[in-house]
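Per-entry structural report
Here is how the chains run, residue by residue.
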There are 4 protein chains.
Amino acid sequence: MPINVTVWNEFRHEKEEQKYADVYPDGIHGAIASGLKRSDDLTVTTATLDEPEHGLTERVLNATDVLLWWGHKAHQEVDDAIIDRVHHRVLNGMGLIVLHSGHFSKIFRKLMGTTCDLKWREADERERLWVVTPGHPIVDGIDEYIELEQEEMYGEHFDIPPPETLVFVSWFSGGEVFRSGCCYSRGAGKIFYFRPGHESYPTFFDRQIIQVLSNAVRWAAPISGPNRQFGNKQPLERLALRD
Amino acid sequence: MPINVTVWNEFRHEKEEQKYADVYPDGIHGAIASGLKRSDDLTVTTATLDEPEHGLTERVLNATDVLLWWGHKAHQEVDDAIIDRVHHRVLNGMGLIVLHSGHFSKIFRKLMGTTCDLKWREADERERLWVVTPGHPIVDGIDEYIELEQEEMYGEHFDIPPPETLVFVSWFSGGEVFRSGCCYSRGAGKIFYFRPGHESYPTFFDRQIIQVLSNAVRWAAPISGPNRQFGNKQPLERLALRD
Amino acid sequence: MPINVTVWNEFRHEKEEQKYADVYPDGIHGAIASGLKRSDDLTVTTATLDEPEHGLTERVLNATDVLLWWGHKAHQEVDDAIIDRVHHRVLNGMGLIVLHSGHFSKIFRKLMGTTCDLKWREADERERLWVVTPGHPIVDGIDEYIELEQEEMYGEHFDIPPPETLVFVSWFSGGEVFRSGCCYSRGAGKIFYFRPGHESYPTFFDRQIIQVLSNAVRWAAPISGPNRQFGNKQPLERLALRD
Amino acid sequence: MPINVTVWNEFRHEKEEQKYADVYPDGIHGAIASGLKRSDDLTVTTATLDEPEHGLTERVLNATDVLLWWGHKAHQEVDDAIIDRVHHRVLNGMGLIVLHSGHFSKIFRKLMGTTCDLKWREADERERLWVVTPGHPIVDGIDEYIELEQEEMYGEHFDIPPPETLVFVSWFSGGEVFRSGCCYSRGAGKIFYFRPGHESYPTFFDRQIIQVLSNAVRWAAPISGPNRQFGNKQPLERLALRD
């Protein structure tokens, strides 16, 4: 049975500045969706900030197994009610893959409970993402490291809860390291943060980056059952378990 | 140098119903503070919901190394601005010990990112808290398990992020288990959730429970330096680290 | 592509005492293999202690994706050279599922680095395995808990490294708890310890127990590539990575 | 009460080659011991490979709270019986701090259960150890990173179990990263692996490195009680816990 994937993108840089549209003519979401569609087991759609309800209606979210999230300069424009809806869905099993500057998105900060702050520098630096957990399904088909010739630098300290599994650690030529592939579970949902993907570089056309994202989608897909409800409205149960 | 401890209590049950005042004549905060004061290295004060700013002014929080939190039926009355202030202090190093029904407090849910929901039953059940991490500073002086003759039952699934260190697992006579001693780090702060302590039982007079809380305070105390700022207002830094 | 599974059993109790043969007429390995074979995606064979090389030749191990291990009273008869072979295969990606009294097997202790000691009692007690990580692939299709009417009791402290993921916690009617479903990674290999399965109870005929084992096999299966070598004979590499 | 520290060193390079003696005239153990002694709460002695029983008699180990271990080219000369003795003491609460090339020591590999293999290169490279867990007692007094002008490079993949707490991640100018400060617990014992410290560099005279080691000693010190026995000879207990 195919996995239903929704790629969400803020989609502002590409509409507002030609230099970003030159890199991503179909938007960042278009590039990611196109890459994921090469896998037969994934059914991929997209959604963007400026659509009604940011494209994330109840119907869309209920039909989504894994949501990818790219945002950067318009985090504050995302409606809190939609964030609560996404949060509820994650706790009830929907996978979430947060990309690059999505570290500062409302949904990631709400799920992490921390500021998600970090250091950064735009200097066309070389990034090397080293695999520290060989054997993990997210690195299936990936070599010892992925090298990106030019990327924005993100540096520690990255103010996140310690990852449950740390998959990648990035090296930057300027002198920093970064925990760049981080797995979490929250409720019945699985979350993967993946660092690369600045709007000015063609990172999401890289074959290995798409491989990681495809692997991550499969890893984050919900289990098939049984259905449990996690959420603020869940009545506290009284069990009658004694003989 | 002594550790400055603030014991925060909602302090409503004990004021509103005689049966709880009979168990805790000086309030739950009074019992805990009295127990902690037996340790010479701890300087202990208290704060309660109905004081101005809930007793948690900037001055109080800045002088607090470790904050203990007991709340139950008035979580919603705690002001969001005060919660943000506590959250900021935790990320900047203040220890936080969340007790029993504090699992549903705003501060714990904000730090965890999940619902913190659980099962419960009031049936005067026996609880046995088994140590699963011998050698951990929080179980210094504690035997293989702590037995409480009567407590409220809390049962799994407890909707929290997986603890970074799981210190205790509780057994209840009615058929449930519970992860009842859970360590987390968030920013520069250390957090310990400890399950026992229902308002109708004299749990906080138990010598071993006080031992665990005293140990937890020492474990959660901030390191002495250097001072770093974690928070929403932290400017994103540009490092000039290259030669 | 099917997953190749080898079910290894000490196979002594069932040959030496009729009462165990009555419970497991085809051996414990026979019952497990029969259960796993109901899944079309698993190709299942068995191996036992008294076969040449304990049935674990280089050829067999190289063709095995996931190995299940049940042993109890003959741990010391397992040849150290075979253990080294299994250890090497695990580090290079083969999944390993250790069952019940296999906690004291040479291979589990070698991989854990601890005594793997625990408390136990044979008293026909009820066991309830509570799920503490909903959403994990190993609990796909499993309800809030699995109940076994009669099992041997295992109690904490269980002397293992803290599990990377704790999936189940057991409750026993006699007063103990146990971390009964524990995930680890070692090298490129994934390891799952699963508690139930005493020789005197029909645990491995339980539908939900087989469901957990089938799920665990899929979780522990090696990723498809790239091939990396982990082992004592790996030459230390010199990388020439600088420009 | 002071913490009793034993600094163990292979002590061969410094005796056999003048260039190493020039860096460490009193041996690596001498430099470390001298640095630790600056803390009033630590009582420090040393032991070396060529002493009887490698200086690690029952009496010495029983009086040791925390053992530091530096070895490189003579790992195979360490007697297995002594390793078993150290292993038993760690499981029963003695702290262990493994330094640099000690990653390949028998005791570290026995406790980890993996090969502990890694990449390396001797090229006088700059190392920057970034703190990824601010607030952890091991980084008390340490700034955002420690910089060492020249060190041997160690690179991922480092074949260890995932650290329970990852404290430092190293950046090397040649293009690699390394998990260089790793916390573990085994039995009642706490273990810290710390990467820097090649025999040809004056790393153990660095003020911040000594600060980390002093912090780590305090973190790894055993709790005061109760005394529990972990070990192969522990009888399996029968508890009579039922009413």
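Residues numbered from 1 in each chain as written. Chains lettered and ligands numbered in written order. Predicted model: local features only at pLDDT ≥ 70, side-chain atom pairs only at ≥ 80, totals over all residues. Heavy atoms only, no water.

Observations concerning the overall build of chain A
From N to C terminus, chain A includes seven helices and nine strands. Counted over contacts in chain A with a minimum sequence separation of 6, partners at least 24 positions apart contribute 71%. In the structure as shown, chain A presents an accessible area of about 8,600 Å², 46% of it carried by carbon and sulfur atoms. The distance from the centre of the 26 positive side-chain charges to the centre of the 37 negative ones in chain A is 6 Å. (Helix = DSSP H or I, 4+ residues; strand = E, 2+ residues; numbered from the N terminus. Contact = heavy atoms within 4.5 Å. Areas by Shrake-Rupley, 256 points an atom, 1.4 Å probe, with all protein chains shown as cover. Lys, Arg positive; Asp, Glu negative; His and termini not counted. Charge placed at Lys NZ, Arg CZ, Asp CG, Glu CD.)

Focus: the sheet that holds strand S8 (residues 177-186) of chain C
Residues and elements named next belong to chain C. Taken in spatial order, the nine strands line up as S2-S1-S3-S4-S9-S8-S7-S5-S6 in an open sheet, and their pairing is mixed. Bordering the open sheet on either side are strand S2 (42-48) and strand S6 (145-155), each of which pairs with just one other strand. Neighbour-to-neighbour, the strand axes of the sheet open up by a mean angle of 25°, direction not taken into account. Its contacts with the sheet place helix H3 (residues 27-36) against strand S1 (3-9), S2, strand S3 (66-70) and strand S4 (95-99), and it is angled at close to 160° to S1. On top of the sheet, helix H5 (residues 80-91) reaches S3, S4, S8 and strand S9 (189-194); it is set at about 115° to S9, its chief contact. (Pairing = 2+ DSSP bridges. Axes fitted to C-alpha atoms, helices over the stretch in contact; angles between N-to-C directions.)

Let's talk about the pattern of salt bridges
Per the counting criterion, the structure on display carries 72 salt bridges over all chains. Two residues, Lys-119 of chain A and Glu-144 of chain D, come together in a salt bridge whose shortest N-O distance is 2.9 Å. Taken together, the residues Lys-119 of chain A in strand S5 (residues 119-131) and Glu-144 of chain D in the loop between strand S5 (119-131) and strand S6 (145-155) connect one chain to another. Measuring nitrogen to oxygen at the nearest pair gives 2.6 Å for the salt bridge that ties Arg-121 of chain A to Glu-125 of chain A. Relative accessible area serves as the criterion here: at 0%, Glu-125 of chain A is assigned to the buried category. Sharing partners across several salt bridges, the network here consists of Arg-12, Lys-15, Asp-50 and Glu-77 of chain A. (Salt bridge = Lys/Arg side-chain N within 4 Å of Asp/Glu carboxyl O. Buried < 20%, exposed > 50% of the residue type's maximum accessible area, 1.4 Å probe, protein only.)

Some thoughts on H3 of chain C
Residue and element names in this part refer to chain C. Across the ten residues that make up H3, a large majority, nine, are buried. Within H3, burial applies to Gly-27, Ile-28, His-29, Gly-30, Ala-31, Ile-32, Ala-33, Gly-35 and Leu-36. Looking at the packing, one finds that the buried side of H3 touches S1, helix H1 (13-16), S2, S3, S4 and helix H7 (207-220).

A few points about the packing of aromatic side chains
Summed over the entire model, instances satisfying the criterion amount to 42 aromatic pairs over all chains. Measuring from ring centre to ring centre gives 5.3 Å for Tyr-24 of chain C and Phe-205 of chain C, while their planes differ by 20°; the resulting arrangement is stacked. Separated by 181 residues along the polypeptide, Tyr-24 of chain C in the loop between helix H2 (18-23) and H3 and Phe-205 of chain C in the loop between S9 and H7 bring together distant segments of the chain. A residue is classified by how much of its surface remains accessible, and Phe-205 of chain C, at 46% relative accessible area, is partly exposed. Each ring, one from Phe-158 of chain D and one from Tyr-193 of chain D, has its centre 5.4 Å from the other, and the planes form 55°; the classification is tilted. Of the two residues, Phe-158 of chain D is situated in the loop between S6 and strand S7 (165-172) and Tyr-193 of chain D in strand S9 (residues 189-194); the sequence distance between them amounts to 35 residues. (Phe/Tyr/Trp six-rings, centres within 6.5 Å; stacked < 30°, edge-to-face > 60°.)

Observations regarding the confidence of the model for chain A
Counting all residues, the mean pLDDT for chain A is 93, and 92% of those residues have values of 70 or more. Predicted complex metrics record ipTM = 0.93 and pTM = 0.95. (pLDDT = per-residue confidence, 0-100.)

Observations concerning the side chain of Glu-125 of chain B
Tracing the backbone shows Glu-125 of chain B in strand S5 (residues 119-131). For Glu-125 of chain B, the side chain forms a polar contact with the side chain of Arg-121 of chain B, separated by 2.7 Å. (Polar contact = N/O pair within 3.5 Å; in protein donor to acceptor, adjacent residues only side chain to side chain.)

Side note on the packing of helix H3 (residues 27-36) of chain A against helix H7 (residues 207-220) of chain A
Residues and elements named next belong to chain A. One way to put it is that H3 packs onto H7 with a least axis distance of 9 Å and a crossing angle of 75°. Judged on the interaxial angle alone, H7 and H3 are roughly perpendicular. On the side of H3, the interface is formed by Ala-31, Ile-32, Gly-35 and Leu-36, while H7 contributes Ile-210, Leu-213 and Ser-214. Classifying every residue of the contact of H3 with H7 gives five nonpolar, two polar and no charged. (Parallel < 35°, antiparallel > 145°, perpendicular 65-115°, else oblique. Nonpolar A, V, L, I, M, F, W, Y, C, P; charged D, E, K, R; others polar.)

Observations concerning the environment of Ile-138 of chain C
Within the fold, Ile-138 of chain C resides in the loop between strand S5 (119-131) and S6. Distance in space between the C-alpha atoms of Ile-138 of chain C and Lys-119 of chain C is 25 Å, their sequence separation being 19 residues.

What to know about unusual backbone geometry
Here the bond from Glu-156 of chain C into His-157 of chain C is cis, since omega is 10°, no more than 30 degrees from zero. Considering the arrangement of structural elements, one finds His-157 of chain C in the loop between S6 and strand S7 (165-172). Not every positive phi belongs to a glycine, and His-54 of chain C is a case in point at roughly 55°. Within the secondary structure, His-54 of chain C sits in the loop between S2 and helix H4 (58-62). When its relative accessible area of 10% is taken as the criterion, His-54 of chain C is described as buried. Of note in this structure, Cys-116 of chain D is not a glycine but carries a positive phi near 60°.

Overview of the sheet that holds strand S6 (residues 145-155) of chain A
Hydrogen bonds along the backbone pair up the strands of a sheet, which may run parallel or antiparallel. Residue and element names in this part refer to chain A. The strand order across the open sheet built from nine strands is S2-S1-S3-S4-S9-S8-S7-S5-S6, with neighbouring strands paired in mixed fashion. Edge strands, defined here as strands with exactly one partner in the open sheet, are strand S2 (42-48) and S6. For this sheet the average axis-to-axis angle between neighbouring strands, irrespective of direction, equals 25°. The pairing of strand S8 (residues 177-186) with strand S9 (residues 189-194) spans six bridges and is classified as antiparallel. Its bridge partner lying in S9, Cys-183 is registered against Phe-192. Sitting on the sheet, H7 is in contact with strand S1 (3-9), S2, strand S3 (66-70), strand S4 (95-99), S6, strand S7 (165-172), S8 and S9, with an inclination near 165° to S9.

A few points about H5 of chain C
All names here are of chain C. Look at H5: 16 Å from first C-alpha to last across twelve residues, which is about the 16 Å you get at 1.5 Å a residue. Looking at the packing, one finds that the buried side of H5 touches H4, S3, S4, helix H6 (106-112), S8 and S9. For H5, the side-chain oxygen to backbone nitrogen distance between the N-cap and Ala-81 is 2.9 Å, and the N-cap itself is Asp-79. Two residues or fewer after H5 comes Gly-93, characterised by a positive phi angle close to 125°. (Expected span 1.5 Å × (residues − 1).)

Brief notes about the side chain of Ser-180 of chain C
Residue and element names in this part refer to chain C. Looking at the secondary structure, you find Ser-180 in strand S8. Among the polar contacts listed, one links the side chain of Ser-180 to the side chain of Ser-170, at a separation of 2.8 Å. Once residues lying within four places of it in the same chain are set aside, the contact partners of Ser-180 are Leu-129, Phe-168, Val-169, Ser-170, Tyr-193, Phe-194 and Arg-195.

Re the environment of Ile-83 of chain B
All names here are of chain B. Examined against the element boundaries, Ile-83 turns out to sit in helix H5 (residues 80-91). In this structure, the C-alpha to C-alpha distance between Ile-83 and Lys-106, residues 23 residues apart in sequence, is 7.0 Å. Each residue touching Ile-83, except ones within four places of it in the same chain, is listed here: Trp-69, Val-78, Lys-106, Ile-107 and Lys-110.

Details of the environment of Gly-175 of chain A
Looking at the secondary structure, you find Gly-175 of chain A in the loop between S7 and S8. Sequence separation between Gly-175 of chain A and Leu-99 of chain A is 76 residues; the distance between their C-alpha atoms is 22 Å. Setting aside its immediate chain neighbours within four residues, Gly-175 of chain A contacts Arg-128, Trp-130 and Trp-171 of chain D.

Considering the state of the cysteines
Residues and elements named next belong to chain B. In this structure the tally under the stated criterion is zero disulfides over all chains. In this model Cys-182 remains outside any disulfide bridge; the closest cysteine sulfur is found in Cys-183, 7.8 Å from its own. By relative accessible area, Cys-182 is classed as buried at 0%. (Disulfide = S-S within 2.5 Å.)

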